[in-house]
Amino acid sequence: MSESEMAMLGHGGMLMEGSPYSIPSRKLTMWLFIISDAVTFGAILFAYGYLRVATPDWQTPFNSASIINVATMTFVLITSSLTMLGAVDASKDGDKPKALRFLGCTMVLGLIFAGLHIREWFGLFNQGIKLSSGLFGQAFFSITGLHLLHVLIGVVALAVVARKYSSGSLTPGHVETTGLYWHFVDLVWMFVVPLVYLTNIAR
Amino acid sequence: MSASGKSGNVIAKYLPVYFVLLAIAAIEFFLAYQNFSKAGLVRILLVLAIGSAALGLMYFMHLAHEKRSLFLSLIPATIFVLLMLNMIWSDSIRLLHMRPFAH
């Protein structure tokens, strides 16, 4: 069989190189997505910083109640990363019930985070701060909205993976790859909190 | 492999990193209420955020346990791109003084 025939038939094993990083292609793909998404968030946070520095009368609307809410959100999200690690390790150990319990906990924590996030937004709406109410509103809701979208997509992805892992059509490797995404969402929040919330506390 | 005893304490080995991340977050919230200059506060908070992100990346995302070539392929290039974005600051400070066309 010629090389072209083997390629047409879906890459014969003899032609395939080993992974340069010794990881499955799906994991490498997730890493590449994470890097591109990190640069996206980086660019948005830099744009936010640009506006923040160049605007003398920047709004600082976050009172103590908001900061307590954000602290709770941070605690919830970091804890969800811990439960995600539990799911990954339990799935690798072949303990499917435990992995599913951890995945369930992670989803619940993600939903709690989203609920607290939306509560925070409504608090700002009541102060008259909206997406259309100026630079602060546009920057704040763009950054936190994009992050919240990532959290919600993560919850849906976890639900799909949990269901298919439960039925046996997905492997522990899929759980691990989804976990990478979830941890990344947690990492982004570690930059959003200091830059967007803690430097805009009402004095 | 069936369920093993190992899975009984899957979380325990990650608890130290988890508590360090919580501690860093707590320090950030504490510092935000101290009397630092805005620029000083941002610098300190950024250093702490980078520290916690590095911990998450290396231990929660297991990058420390992957082949070094993966780390070297992904992270330096990302840091380089993010560093290049720093060129915007001089322009934003110029805008602050309302001299958009000053040299």
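Peer 1: Explanation requested: the overall build of chain A in the structure shown.
Peer 2: Secondary structure assignment for chain A yields 6 helices and 0 strands. Relative to the globule expectation of 17 Å for 203 residues, the C-alpha radius of gyration of chain A, 21 Å, shows a markedly less compact shape. With the C-alpha coordinates aligned to their principal axes, the bounding extent of chain A is approximately 70 × 40 × 25 Å. Sequence separation of 24 or more characterises 77% of the internal contacts of chain A that already satisfy a separation of 6 or more.

Peer 1: Would you take a moment to explain the overall build of chain B for this structure?
Peer 2: The number of helices and strands found in chain B is 4 helices and 0 strands. Across chain B, helices and strands are ordered from the amino to the carboxyl terminus as α-α-α-α.

Peer 1: Explain the interface of chain A and chain B here, please?
Peer 2: For an interface, size is often stated in terms of accessible area lost upon the parts coming together. On the side of chain B, 43 residues touch chain A, which itself brings 41 residues to the contact. Those elements giving two or more residues to the side of chain A that touches chain B turn out to be α2 (25-54), α3 (64-92) and α6 (172-197) of chain A. Per element, the largest residue contribution to the side of chain A that touches chain B is 11 residues, and it comes from α3 of chain A. Residues belonging to the side of chain A that touches chain B are distributed by class as follows: 28 nonpolar, 8 polar and 5 charged.

Peer 1: Explain the nonpolar core here, please?
Peer 2: As a rule of thumb, nonpolar side chains are buried together in soluble globular proteins. In terms of nonpolar packing, the biggest core is built from 62 residues, with Ala87, Val188 and Val192 of chain A touching the most fellow members. When contributions to this core are tallied by element, the ones reaching two or more residues are α2, α3, α4 (96-126), α5 (135-167) and α6 of chain A together with α1 (15-32) and α2 (38-60) of chain B. In terms of residues, this core owes the most to one element, α6 of chain A, which gives 16 residues. Dropping the residues within four chain positions of it, valine 192 of chain A is found in contact with Ile143, Thr144 and His147 of chain A.

Peer 1: Honestly, the packing of α4 of chain A against α5 of chain A in this entry has me stumped. Any pointers?
Peer 2: How two helices pack is summed up by the angle between their axes together with the distance between the axes. Residue and element names in this part refer to chain A. Put simply, α4 and α5 touch, their axes get as near as 10 Å, and they point 160° apart. For the element pair α4 / α5, the angle class is roughly antiparallel. When the axes of α4 and α5 are compared, the crossing they make is left-handed. Of α5, the residues touching α4 (which contributes Leu100, Leu103, Thr106, Met107, Gly110, Leu111, Phe113, Ala114 and His117) are Thr144, Leu148, Val151, Leu152, Gly154, Val155, Leu158, Ala159, Ala162 and Ser166.

Peer 1: Just to check I follow, could you spell out the confidence of the model for chain A for this structure?
Peer 2: Reading fine detail from the predicted coordinates is not recommended where pLDDT is low. Looking at chain A, the pLDDT average stands at 90 and 92% of residues meet or exceed 70. Contacts for the low-pLDDT stretch residues 1-8 of chain A, under 50 throughout, to residues beyond four places or in other chains number 6 contacts.

Peer 1: I keep staring at the packing of α3 of chain A against α1 of chain B and nothing clicks. Help me out?
Peer 2: Packing of α3 of chain A against α1 of chain B leaves a shortest axis separation of 10 Å and a crossing angle of 165°. Of the possible angle classes, the one that applies to α3 of chain A and α1 of chain B is roughly antiparallel. Note that α3 of chain A runs across α1 of chain B; the crossing there is right-handed. Where α3 of chain A approaches α1 of chain B, its residues Ile67, Ala71, Thr74, Phe75, Ile78 and Leu82 of chain A are matched on the opposing element by Tyr18, Leu21, Leu22, Ala25 and Phe29 of chain B. Classifying every residue of the contact of α3 of chain A with α1 of chain B gives 10 nonpolar, 1 polar and no charged.

How each quantity is defined
- Residues numbered from 1 in each chain as written.
- Chains lettered and ligands numbered in written order.
- Predicted model: local features only at pLDDT ≥ 70, side-chain atom pairs only at ≥ 80, totals over all residues.
- Helix = DSSP H or I, 4+ residues; strand = E, 2+ residues; numbered from the N terminus.
- Rg over C-alpha atoms; globule rule 2.2 N^0.38 Å.
- Contact = placed C-beta atoms within 7 Å.
- Nonpolar A, V, L, I, M, F, W, Y, C, P; charged D, E, K, R; others polar.
- Core = buried A, V, L, I, M, F, W, Y, C linked by C-beta atoms within 7 Å.
- Buried ≥ 20, exposed ≤ 12 C-beta atoms within 10 Å, placed from the backbone.
- Axes fitted to C-alpha atoms, helices over the stretch in contact; angles between N-to-C directions.
- Parallel < 35°, antiparallel > 145°, perpendicular 65-115°, else oblique.
- Left-handed = near helix turned anticlockwise from the far one by under 90°.
- pLDDT = per-residue confidence, 0-100.

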